[in-house]
Amino acid sequence: MKKSLFIKRRNFIIGSSALVSATASQASAPLLGPSISNFRRFQLGNFEITTILSGTRTINNDPQGIFGLNVSKEVFSEVSKNNNIPDDRFQMFYTPTVVNTGNELILFDTGQNSEGTETALISAGYYPDQIDKVVLTHFHGDHIGGLRNSKGRTFKNASYYCGELEYEEWDFSGNDTFEQMVRPLEDEISMINPGDDIVSGVTAMAAYGHTPGHLAFIIESNGKQLLLGGDFANHYVWSLAYPDWELRFDRDREMAAKTRRKILSMLAYEKMPFIGYHMPWPGLGYVDTHNDGYHYNAASYQMML
Ligand SMILES: [Zn+2]
């Protein structure tokens, strides 16, 4: 049965008129376009973690100008080719994460805008009004852009958290998106520092360099750990295999490279999974050491066991 279906489909594609007429009694299905899920949920100890795809887009110009500022075009092309990805375009993902501790819903980062985040949250079974806490890893537009929608605050019942150092920096030299999205929270946002807990089991960790006060978070429940990495590394090949390649968006490139090496080495040593905001969807993977860098090992079914 399976086999005959396969033959019909294949011949339909190559357009054999005899076979097309042989299958004419079946209505042809319209092409639906590529599809991708917009949430992925798994358990970590007693916590439930959901990655939320707030958006994805193809960037068609010069990835080397973003991810490999300090290497030659030849090296960039060779590495890309060896890893089966093109060197002239790439796919960008934006991945906020929801942690349900059993008592509270905590959202980490908010997407480029509220629309995609709200849609994905609802797909995942949550309403924006249910979010108890919003934690910001740093203040780049693709992480804070979802704080407000056309009606005002997207997460009406939430309290807000960010790194103290990050706030101080942007308070001094902010941009329009900061003024629009974060400044209105000035009087109520809670400032945190490395080592501080958002709640028991959610601990901030310094990951400075991408921005001056960028934070990552260790999530721990019932003996299981995961790193929520934000933007400490932004591409699964160009940043993980070559942590010293310079990223255009890293404010302090030397410090960012040191941070990448430090965190990647910890993840590899501890065999700890991590969620990267810009890793390939659904954003969850492991890290192995490889040559002088690291290899991204996308999660498969580990979290289902
Ligand atoms: Zn980002």
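Our subject is the structure that appears above.
In this text the structure is predicted, and so the values were computed from the model without any measurement. (Residues numbered from 1 in each chain as written. Predicted model: local features only at pLDDT ≥ 70, side-chain atom pairs only at ≥ 80, totals over all residues. Heavy atoms only, no water.)

Undergrad: Is there a simple way to think about the overall build of the protein in this case?
TA: When helices and strands are counted, the protein shows nine helices and 18 strands. Relative to the 2.2 N^0.38 estimate, which gives 19 Å for 305 residues, the radius of gyration of the protein is 22 Å and therefore close to what a compact globule would have. Out of the 305 residues belonging to the protein, those deemed buried represent 49%. Of the accessible surface of the protein, which amounts to about 15,500 Å², a share of 50% is contributed by carbon and sulfur atoms. (Helix = DSSP H or I, 4+ residues; strand = E, 2+ residues; numbered from the N terminus. Rg over C-alpha atoms; globule rule 2.2 N^0.38 Å. Buried < 20%, exposed > 50% of the residue type's maximum accessible area, 1.4 Å probe, protein only. Areas by Shrake-Rupley, 256 points an atom, 1.4 Å probe, with all protein chains shown as cover.)

Undergrad: Would you mind showing me how to read a nonpolar patch on the surface here?
TA: Taken together, the side chains of Y301, M304 and L305 present a nonpolar region at the surface, about 450 Å² in accessible area. Of note, L305 is situated in the segment after strand 18 (293-298). (Patch = residues over 30% accessible without salt bridge, like charges linked within 9 Å, V, L, I, M, F, W, Y side chains within 5 Å. Salt bridge = Lys/Arg side-chain N within 4 Å of Asp/Glu carboxyl O.)

Undergrad: Would you explain the sheet that holds strand 1 (residues 39-44) in this entry?
TA: As a general point, the strands of a sheet are linked pairwise by backbone hydrogen bonds and lie either parallel or antiparallel. Here we have seven strands laid out as an open sheet, ordered 1-2-5-6-7-10-11, and mixed in their pairing. If you trace the sheet from one side to the other, it starts and ends with strand 1 and strand 11 (190-192), each paired once. Strand-to-strand, the axes of this sheet are offset by a mean angle of 20°, without reference to chain direction. In this structure, strand 6 (residues 105-108) lies alongside strand 7 (residues 133-136), joined through three bridges in parallel fashion. From the neighbouring strand, I106 faces strand 7, where its bridge partner is K133. Sheet strands touched by helix 5 (residues 114-123): strand 1, strand 2 (47-52) and strand 5 (97-100). Its angle to strand 2, the strand with the most contacts, is close to 135°. (Pairing = 2+ DSSP bridges. Axes fitted to C-alpha atoms, helices over the stretch in contact; angles between N-to-C directions. Contact = heavy atoms within 4.5 Å.)

Undergrad: Can you walk me through the packing of aromatic side chains in this structure?
TA: Two aromatic rings are characterised by how far apart their centres lie and by the angle between their planes. In this structure the tally under the stated criterion is 15 aromatic pairs. A ring pair is formed by F90 and W238, whose centres lie 6.0 Å apart and whose planes are at 80°; its orientation type is edge-to-face. Taken together, the positions of F90 in strand 4 (residues 90-94) and W238 in the loop between strand 15 (224-230) and helix 9 (253-270) put the pair 148 residues apart, joining distant regions of the chain. Summarising the burial analysis for this pair, F90 and W238 share the class buried. These aromatic residues form a ring-pair network of at least three members: F67, F76, F90, W238, Y242 and W245. Over the ring of W170 we find R251; its NZ or CZ atom is 5.9 Å from the centre of that ring. (Phe/Tyr/Trp six-rings, centres within 6.5 Å; stacked < 30°, edge-to-face > 60°. Lys NZ or Arg CZ within 6 Å of the ring centre and 35° of its normal.)

Undergrad: Sorry if this is basic, but what is going on with the coordination of the zinc ion here?
TA: By definition of the ideal shapes, a tetrahedral metal site with four donors has angles of 109.5 degrees and an octahedral site with six donors has angles of 90 or 180 degrees. Protein ligation of the zinc ion involves D142 (OD), H143 (NE2), D231 (OD) and H278 (NE2), the donor distances falling in the range 2.1 to 2.3 Å. Taken together, the four donor atoms coordinating the zinc ion and their angles of 86 to 171° define a geometry best described as irregular. Of note, the zinc ion draws all its donor residues from one chain, in the sequence arrangement D-H-x87-D-x46-H. Of this pair, D142 sits in helix 6 (residues 141-144) while H278 is found in the loop between strand 16 (274-276) and strand 17 (284-290), placing the two residues 136 residues apart along the sequence. Residue D142 is classed as buried on the basis of its relative accessible area of 16%. (Donors = N, O, S within 2.8 Å, 3.2 Å for Na, K, Ca; no water. Tetrahedral: all angles 85-135°; square planar, octahedral: opposite > 155°, others 65-115°.)

Undergrad: Quick question: what am I supposed to make of the environment of K81 here?
TA: Locating K81 in the fold gives a position in helix 4 (residues 73-82). Spatially, the C-alpha atom of K81 lies 26 Å from that of I263, the residues being 182 residues apart in sequence.

Undergrad: I would appreciate a short explanation of empty space enclosed by the protein in the present structure.
TA: Unoccupied space between atoms shows up once a probe the size of one water molecule is rolled over them. Scanning all chains against the criterion turns up one cavity of 30 Å³ or more. As a volume, the largest cavity reaches approximately 30 Å³. Taken together, T95, T97, F108, D109, L228, G230, I275, G276 and Y277 form the lining of the largest cavity. Only strand 15 and strand 16 provide two or more residues apiece to the lining of the largest cavity. Taken together, the residues that form the lining of the largest cavity break down as four nonpolar, four polar and one charged. (1 Å grid on protein atoms, 1.4 Å probe; cavity = no way out; pocket = protein on both sides within 12 Å on 5 of 7 lines; lining within 4 Å. Points joined across faces, edges and corners; volume = space filled by probe spheres on them. Nonpolar A, V, L, I, M, F, W, Y, C, P; charged D, E, K, R; others polar.)

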